[in-house]
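# Architecture and fold: a report
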Amino acid sequence: MVEPRKIRLTKTAVEGLRPAAKTYEVWDAKIPGFGVRVLPSGTKTYFLKYRSPRKRTSQTKKIGRHGQITAEEARRAARSLSGQIAQGGDPASDLAADRAAPDVDKMWAAWFAEHVEVRLGK
């Protein structure tokens, strides 16, 4: 098992992380909860782990995949998310609620059934 480490997550540091037999996480030395997950395939994903103020449970918010975003962009996103959490937000739960919300097709079908078909007598 790879022991959790704390380093300053920079482009050079993240690119120097090598895949292991099992998934492991490396944490940023400056921003609490900010880290990068390294999969056995070599894929590296930035994330922020935090305690949800609403659910009082640990939540993980994926920030992005290394290569698609830079370490500095991920760091800025982690700071922004930390600020939202400090103000009582819960980014992971908010995303789940957004995904569960009805999309335009469902809203259109409901409106059509409730208003147009009723008025046309269908």
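Above this text you will find the structure in question.
This report concerns the structure included in the present document. Just so you know, these numbers come straight off a predicted model, no measurement behind them. (Residues numbered from 1 in each chain as written. Predicted model: local features only at pLDDT ≥ 70, side-chain atom pairs only at ≥ 80, totals over all residues. Heavy atoms only, no water.)

The next subject is the pairing of strand β4 (residues 44-51). Of all the 8 residues making up β4, 6 are buried; the element is thus mostly covered by neighbouring parts of the structure. Pairing of strand β3 (residues 34-38) with β4, which is carried by 5 bridges, proceeds in the antiparallel orientation. Across the sheet, residue Arg37 finds its bridge partner in β4, namely Thr45. Here β3 folds back onto β4 in antiparallel fashion, the turn holding 5 residues, of which Gly42 has a positive phi close to 100°. Of the pairings in the sheet, the one linking β4 to strand β5 (residues 58-65) comprises 7 bridges and is antiparallel in character. Along β5, the bridge assignment pairs Phe47 with Lys62. (Buried < 20%, exposed > 50% of the residue type's maximum accessible area, 1.4 Å probe, protein only. Helix = DSSP H or I, 4+ residues; strand = E, 2+ residues; numbered from the N terminus. Pairing = 2+ DSSP bridges.)

Summed over all chains, the structure comprises 4 salt bridges. The shortest N-O distance in the salt bridge between Asp28 and Arg75 comes to 3.0 Å. Of this pair, Asp28 sits in strand β2 (residues 24-28) while Arg75 sits in helix α2 (residues 71-86), and the two are 47 residues apart along the sequence. Given the relative accessible area of 0%, Arg75 is considered buried. (Salt bridge = Lys/Arg side-chain N within 4 Å of Asp/Glu carboxyl O.)

This part is about the nonpolar core. Soluble, globular proteins show a tendency: their nonpolar side chains are buried together. The biggest cluster of nonpolar side chains holds 19 residues, and the ones touching the most others in it are Phe34, Val36, Tyr46, Leu48 and Ile63. With 5 residues, the single largest contributor to this core is α2. Not counting chain neighbours up to four residues away, the residues in contact with Phe34 comprise Leu9, Trp27, Asp28, Tyr46, Phe47, Leu48, Ile63, Ala74, Arg75 and Ala78. (Core = buried A, V, L, I, M, F, W, Y, C linked by side-chain atoms within 4.5 Å. Contact = heavy atoms within 4.5 Å.)

What follows covers the side chain of Gln59. Structurally, the position occupied by Gln59 is in strand β5. The exposure class of Gln59 is buried, given its relative accessible area of 15%. In contact with Gln59, not counting residues within four places along its chain, are Leu48, Lys49, Tyr50, Ser52, Asp90 and Ala92.

Let us look at the packing of aromatic side chains. Under the defined criterion, the tally for this structure stands at 4 aromatic pairs. Between Trp27 and Phe47, the ring centres sit 5.2 Å apart and the planes meet at 80°, which makes this aromatic pair edge-to-face. Residue Trp27 is found in strand β2, and its partner Phe47 is found in strand β4; the two are separated by 20 residues along the sequence. With relative accessibility at 1%, the residue Phe47 sits in the buried group. Put simply, the rings of Trp108, Trp111 and Phe112 pair up and form one aromatic cluster. Positioned above the aromatic ring of Phe47 is the side chain of Arg37, whose terminal nitrogen or guanidinium carbon lies 4.5 Å from the ring centre. (Phe/Tyr/Trp six-rings, centres within 6.5 Å; stacked < 30°, edge-to-face > 60°. Lys NZ or Arg CZ within 6 Å of the ring centre and 35° of its normal.)

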